[in-house]
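Here is what each chain is made of, one letter per residue.
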Amino acid sequence: MSKDLKWYQKRAKEGDLDAQFQLGSIYERGAGTAQNIPEAIQWYESAAGNGHPESAYALSKIHYYGVGVPKDTIKAVDWIVRSAEGGHADAQYRLATHYFFGDGVPKDVAKAISWIKKAAEQGHAQSQLNLAYSYEQGQGVDPNIDESLKWFKAAAESGNLEAQNALAVIYQNGKGVPSNPEEAIRWYRRAADAGEPVAQFNLAYAYEHGVGVDEDIRQAIEWYRKSAKQGHADAQYNLGLIYERGDQVSQNHPEALKWFKASAEQGDASAQYNLGVMHARGNGTKRSNEDALKWYAKAAEQGHIDAQYNLALLYEGVEGVPRNYADALHWYKLAAQQGDAAAQNSVALFYDQGMGIPQDVVEAVKWYRLAAEEGDASAQFNLGIKYETGTGVEQDTNEAAKWYQKSAAQGHVTARNNLLLMNAHPMSPDEQRTIIGAITRQQSREKDQPLAVTINLSERAEEITQKTVLAPDWLVLFHRCKECAGYTPSVAIVNSVPYRNMAEFLKTAIILSRQAPGGAAPACTACGGETMLDVADYHSYHSVAGKDLVVRNTVSKPVPKGLGYRLLWWHPEEGYTTVRSMTDGQINSFSEDADLRNAALQAGAAG
């Protein structure tokens, strides 16, 4: 037997309450002697019965957790009440939780607040924090921002890390106090230095976005990493984003994948979605649509809109994922019901085309309209078609034009062409007969080169309509002057999209040629007289890989030498203009002309 034990036994037998408590603690823990719970209880009860609050608190824990005796909440509460009434702060805090949750006593929030105040006023940090939350949220007391702030400060100064982080958030957001990002950083740093993961995350976020500190991505990564290593899912996700984007650091897909996965495995929907994207693209891992589907599904089930949409796309049928229209429509609908315009358009297409379900154009129009009103260009175009053709709605060309216009304004090429066709005057037979040439682009077996061909409109209609035409990027039509018989070119823009037949291509070309500035045929460059389309002599210009022009001359007779004209070229995808000039009717003199840049921009003629 140790000397300490002998001393405590002697003092305990003499009635020293503190010695009795210490002796009970020695027997409970088995410190320097064999553990003996009954002996511990005997000495605790001796001290507690004489008003020793620490002994009463020790007894409450033994009975509550069933340490060497059957668990007994009633006895536990009885002893904790004695301890709390004796002024023991821990006991007051625990008694408050018993009343708050109705554990062993009837639930009574008012009594809970009363006891937690007693503990808080004694400097019990966790009680101070809980009391701060109660005043902030109005739990058992009237909401009081000033009281809440007072107790958050008290708990923070007492060293409670959660309170320090909460106080920092208050200063950052200016809730009940003037916003003070610098003070917020001081408290974030104090808690973060002590290892609090939420504060580490918040400090990292401040460094990433320059809130209260100078923006410093290196510091952000350091603090995100500390928080992430402690399992903070948001820190893991943000760390993944930084490496995935290569935001002021070297892009590192494997590192991004690692942190996205850590966050995703904790159930973070955004991380699950991003992990799916990385598997779908093969970023940092082997490309796998099956793995992408797995992670999209987890995020989609949590309501992540983009994951729902991408999951639906996979079910429409991609490599490694069996086509399942029912599942695709299910996930499109869930995303659509959350307001995703692209998903709404996809749902409409399913009904419009009867993909795995009975065709229902009325239902399709409903979904097209929802997506169109959200600003989806494809849906606006599709709704325009419905109104133009009177499919699923009453035919209304004005309504069709309205939706084509909205879609065209967003760059939808076919919507623009449809709008032009709707507004155009029909071609006269003379105009049709005068056009005797056309350009098609075909792929050579050796290289992709535009191929010039000549087609005569006198061919039988059925032969013409069998041809599918890829229109050139630019069409230059020549107009003959009615006064001096000179030739003047006009520029028509015809995008490289398929046309159903030659007649549609030619009609579009004629219409677009009328869209030159002023809306009429160009005046003669020689005498200023009125011009008309000549016998369909024109040049076609093609862009190759968006870098250069390849020209094929299909004029049936040479352009008069000395005519000279300028061609304005607007490249919408790369967002720049190149201005070319050609002289003497020869394809041998191309040059930049900076003076015409503004003219090119104005010539929506041009674009």
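Residues numbered from 1 in each chain as written. Predicted model: local features only at pLDDT ≥ 70, side-chain atom pairs only at ≥ 80, totals over all residues. Heavy atoms only, no water.

Let's talk about the overall build of the chain
Moving on, step 1. When helices and strands are tallied, the chain shows 28 helices and ten strands.
Moving on, step 2. Residues counted as buried form 47% of the 607 residues belonging to the chain.
Moving on, step 3. Contacts in the chain between residues at least 24 apart in sequence constitute 47% of all its contacts with a sequence separation of at least 6.
Moving on, step 4. As displayed, the chain offers around 29600 Å² of accessible surface, 47% of which is attributable to carbon and sulfur atoms. (Helix = DSSP H or I, 4+ residues; strand = E, 2+ residues; numbered from the N terminus. Buried < 20%, exposed > 50% of the residue type's maximum accessible area, 1.4 Å probe, protein only. Contact = heavy atoms within 4.5 Å. Areas by Shrake-Rupley, 256 points an atom, 1.4 Å probe, with all protein chains shown as cover.)

Quick look at the packing of aromatic side chains
Aromatic rings considered in pairs are described by the distance between their centres and by the relative angle of their planes.
Moving on, step 1. Scanning the entire structure with this criterion turns up twelve aromatic pairs.
Moving on, step 2. Aromatic pair Tyr273 and Tyr296: ring centres 5.9 Å apart, planes at 35°, arrangement tilted. With Tyr273 in helix H16 (residues 269-281) and Tyr296 in helix H17 (residues 289-301), this pair connects stretches of sequence that are 23 residues apart. An identical accessibility class is assigned to Tyr273 and Tyr296; each is buried.
Moving on, step 3. Grouped by ring-pair contacts, the aromatic residues Tyr309, Tyr325, Tyr332 and Phe350 constitute a single cluster.
Moving on, step 4. Of note, Arg94 hangs over the ring of Tyr64, and the distance from its end group to the ring centre comes to 5.6 Å.
Moving on, step 5. Here the basic side chain of Lys118 rests over the ring of Trp115, its NZ or CZ set 5.8 Å away from the ring centre. (Phe/Tyr/Trp six-rings, centres within 6.5 Å; stacked < 30°, edge-to-face > 60°. Lys NZ or Arg CZ within 6 Å of the ring centre and 35° of its normal.)

Looking at the pattern of salt bridges
Moving on, step 1. Inspection of every chain in the model, using the stated rule, returns 15 salt bridges.
Moving on, step 2. Here Lys386 ties to Asp352 by a salt bridge, and the two come within 2.8 Å at their closest N and O atoms. Of this pair, Lys386 sits in helix H22 (residues 377-389) while Asp352 sits in helix H20 (residues 341-353), and the two are 34 residues apart along the sequence. You'll find Lys386 and Asp352 in the same group, each marked buried.
Moving on, step 3. Ionic pairing is found between Glu399 and Lys402, a salt bridge with its closest N-O pair at 3.0 Å. Highlighted residues: Glu399 and Lys402, both in helix H23 (residues 397-409), separated by three residues, approximately one helical turn.
Moving on, step 4. You can call Lys402 partly exposed: its relative accessible area is 35%. (Salt bridge = Lys/Arg side-chain N within 4 Å of Asp/Glu carboxyl O.)

What about helix H12 (residues 197-209)?
Moving on, step 1. If you check H12, its first and last C-alpha atoms are 18 Å apart, about what 13 residues at 1.5 Å a residue would give, namely 18 Å.
Moving on, step 2. When we look at burial in H12, the residues that qualify are Ala199, Gln200, Phe201, Asn202, Leu203, Ala204, Ala206, Tyr207 and Glu208.
Moving on, step 3. Packing partners of the buried residues in H12 comprise helix H10 (161-173), helix H11 (181-193), helix H13 (217-229) and helix H14 (233-245).
Moving on, step 4. Its side-chain oxygen at 2.9 Å from the backbone nitrogen of Val198, Glu196 defines the N-terminal cap of H12.
Moving on, step 5. After H12 finishes, the residue Gly210 shows a positive phi value of roughly 65°. (Expected span 1.5 Å × (residues − 1). Polar contact = N/O pair within 3.5 Å; in protein donor to acceptor, adjacent residues only side chain to side chain.)

Remarks on the side chain of Ser227
Moving on, step 1. Mapped onto the secondary structure, Ser227 falls in helix H13.
Moving on, step 2. By relative accessible area, which is 0% here, Ser227 ends up buried.
Moving on, step 3. A distance of 2.8 Å separates a polar atom in the side chain of Ser227 from the backbone oxygen of Pro197.
Moving on, step 4. Not counting the four nearest positions on each side in its chain, Ser227 is found in contact with Pro197, Gln200, Phe201, His232 and Ala235.

Considerations on the environment of Ala235
Moving on, step 1. Summarising the element assignment, Ala235 is placed in helix H14.
Moving on, step 2. For Ala235 and Trp259, which are 24 residues apart along the polypeptide, the C-alpha to C-alpha distance reads 8.8 Å.
Moving on, step 3. Here Ala235 is in contact with Phe201, Tyr224, Ser227 and Ala228, once residues within four sequence places are set aside.

As for the environment of Tyr404
Moving on, step 1. Structurally, the position occupied by Tyr404 is in helix H23.
Moving on, step 2. Between the C-alpha atoms of Tyr404 and Met422, which are 18 residues apart in sequence, the distance is 9.9 Å.
Moving on, step 3. Those residues within four positions of Tyr404 in sequence are excluded, and the remaining contacts are Phe381, Gly384, Ile385, Glu388, Ala415, Asn418, Leu419 and Met422.

Side note on the environment of Gly195
Moving on, step 1. Looking at where Gly195 falls in the secondary structure, it is placed in the loop between H11 and H12.
Moving on, step 2. Linking Gly195 and Gln230, residues 35 residues apart in sequence, is a C-alpha distance of 9.0 Å.
Moving on, step 3. Ignoring anything within four residues of it in the chain, the contact list for Gly195 reads Gln200 and Gln230.

Concerning helix H18 (residues 305-315)
Moving on, step 1. For H18, the complete set of buried residues consists of Ala307, Gln308, Asn310, Leu311, Ala312, Leu314 and Tyr315.
Moving on, step 2. Where H18 is buried, its residues touch H16, H17 and helix H19 (325-337).
Moving on, step 3. A positive backbone phi angle near 120° is found at Gly317, which sits one or two residues after H18.

Quick look at the packing of H11 against H12
Moving on, step 1. One way to put it is that H11 packs onto H12 with a least axis distance of 8 Å and a crossing angle of 135°. Here H12 runs oblique to H11, going by the angle between their axes. The element H11 and its partner H12 pack so that their crossing is left-handed. Contacts from Ile185, Tyr188, Arg189, Ala191 and Ala192 of H11 reach H12 at Ala199, Gln200, Asn202, Leu203, Ala206 and Tyr207.
Moving on, step 2. Its residues assigned to classes, the contact of H11 with H12 shows eight nonpolar, two polar and one charged. (Axes fitted to C-alpha atoms, helices over the stretch in contact; angles between N-to-C directions. Parallel < 35°, antiparallel > 145°, perpendicular 65-115°, else oblique. Left-handed = near helix turned anticlockwise from the far one by under 90°. Nonpolar A, V, L, I, M, F, W, Y, C, P; charged D, E, K, R; others polar.)

With respect to the confidence of the model for the chain
Moving on, step 1. Chain-level statistics for the chain give a pLDDT mean of 77 and a share of 71% at 70 or above.
Moving on, step 2. Low pLDDT (under 50) marks residues 424-476, which in the prediction has 141 contacts with non-local residues, meaning those over four places away or in another chain.
Moving on, step 3. Note on residues 491-507: pLDDT is under 50 here. Beyond four places in sequence and across chains, it has 75 contacts. (pLDDT = per-residue confidence, 0-100.)

Remarks on the packing of H16 against H17
Moving on, step 1. Running from amino to carboxyl end, H16 crosses H17 at an angle of 165°, the nearest separation of the two axes being 8 Å. Here H17 runs roughly antiparallel to H16, going by the angle between their axes. In this structure, the crossing between H16 and H17 has a hand that is left-handed. Across the interface between the two elements, Ala269, Gln272, Tyr273, Leu275, Gly276, Val277, His279 and Ala280 of H16 pack against Asn289, Asp291, Ala292, Trp295, Tyr296, Lys298 and Ala299 of H17.
Moving on, step 2. Classifying every residue of the contact of H16 with H17 by side-chain character gives nine nonpolar, four polar and two charged.

Some points on the side chain of Asn202
Moving on, step 1. When you line up the elements, Asn202 lands in helix H12.
Moving on, step 2. Among the polar contacts made by the side chain of Asn202, one reaches the side chain of Asn165 at a distance of 2.9 Å.

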